[in-house]
Amino acid sequence: MTPEDRRAVFSHRQIAAIIEGITQEDGTEEPITGKSLGEAILFVSEEAATSASSAHVIYGDNGSLSYTDCLSVYRDYGVALRQTRN
């Protein structure tokens, strides 16, 4: 992702997002809903188990972030995302 891409994603941090590809404790891969884009990036980057590498975040009309995209945004904006969450 370019710095401009990361900045654009950060600017949309309040919109609704869905996390897919995270294996739950019971082995299912139910989508995780009810999080903003910023919260989803934090979840994938900080809180998800080792299965997070297959995660992707869906947001807006056509937006999608891979695990590595989430880490890239987190690297630049993680502190700001945590402050937004509180």
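Residues numbered from 1 in each chain as written. Predicted model: local features only at pLDDT ≥ 70, side-chain atom pairs only at ≥ 80, totals over all residues. Heavy atoms only, no water.

Caption draft 1: Just the side chain of Asp69, in detail. Inspection of the secondary structure assignment puts Asp69 in helix 3 (residues 67-85). In this structure Asp69 is buried but unpaired, with Arg6 as the nearest side chain of opposite charge at 8.1 Å. With sequence-adjacent residues up to four places away left out, Asp69 is seen in contact with Met1 and Ser64. (Helix = DSSP H or I, 4+ residues; strand = E, 2+ residues; numbered from the N terminus. Buried < 20%, exposed > 50% of the residue type's maximum accessible area, 1.4 Å probe, protein only. Lys, Arg positive; Asp, Glu negative; His and termini not counted. Salt bridge = Lys/Arg side-chain N within 4 Å of Asp/Glu carboxyl O. Contact = heavy atoms within 4.5 Å.)

Caption draft 2: How the structure looks around the pairing of strand 3 (residues 56-59). What you see with strand 3 is a clean split: Val57 and Tyr59 sit on the buried side and His56 and Ile58 on the side with no burial. Where strand 1 (residues 16-20) meets strand 3, four bridges bridge the pair, whose relative direction is antiparallel. Counterpart to Ile18 in the pairing with strand 3 is Ile58. Relative to strand 4 (residues 63-66), strand 3 is paired through four bridges, and the arrangement is antiparallel. Within strand 4, the position partnered with His56 by the bridge is Ser66. Between the end of strand 3 and the start of strand 4, which pair antiparallel, lie three residues, with Gly60 showing a positive phi angle near 60°. (Pairing = 2+ DSSP bridges.)

Caption draft 3: Inspection of the sheet that holds strand 3 at higher detail. With respect to topology, four strands assemble into an open sheet ordered 2-1-3-4, the strand pairing being antiparallel. Looking at strand neighbours, the two that pair on one side only are strand 2 (32-36) and strand 4, the edges of this open sheet. Neighbour-to-neighbour, the strand axes of this sheet turn through a mean angle of 30°, independent of strand direction. Of the strands in this sheet, strand 1, strand 2, strand 3 and strand 4 are in contact with helix 2 (residues 37-47), which crosses strand 2 at around 115°. (Axes fitted to C-alpha atoms, helices over the stretch in contact; angles between N-to-C directions.)

Caption draft 4: Structural context of the pattern of salt bridges. The final tally for this structure, using the stated rule, is four salt bridges. For the salt bridge of Arg7 with Glu4, the shortest nitrogen-to-oxygen distance reads 3.9 Å. With Arg7 and Glu4 both in helix 1 (residues 3-11) and three residues apart, this pair spans about one turn of that helix. With relative accessibility at 51%, the residue Glu4 sits in the exposed group.

Don't take any of this as a statement about function, it's just geometry.
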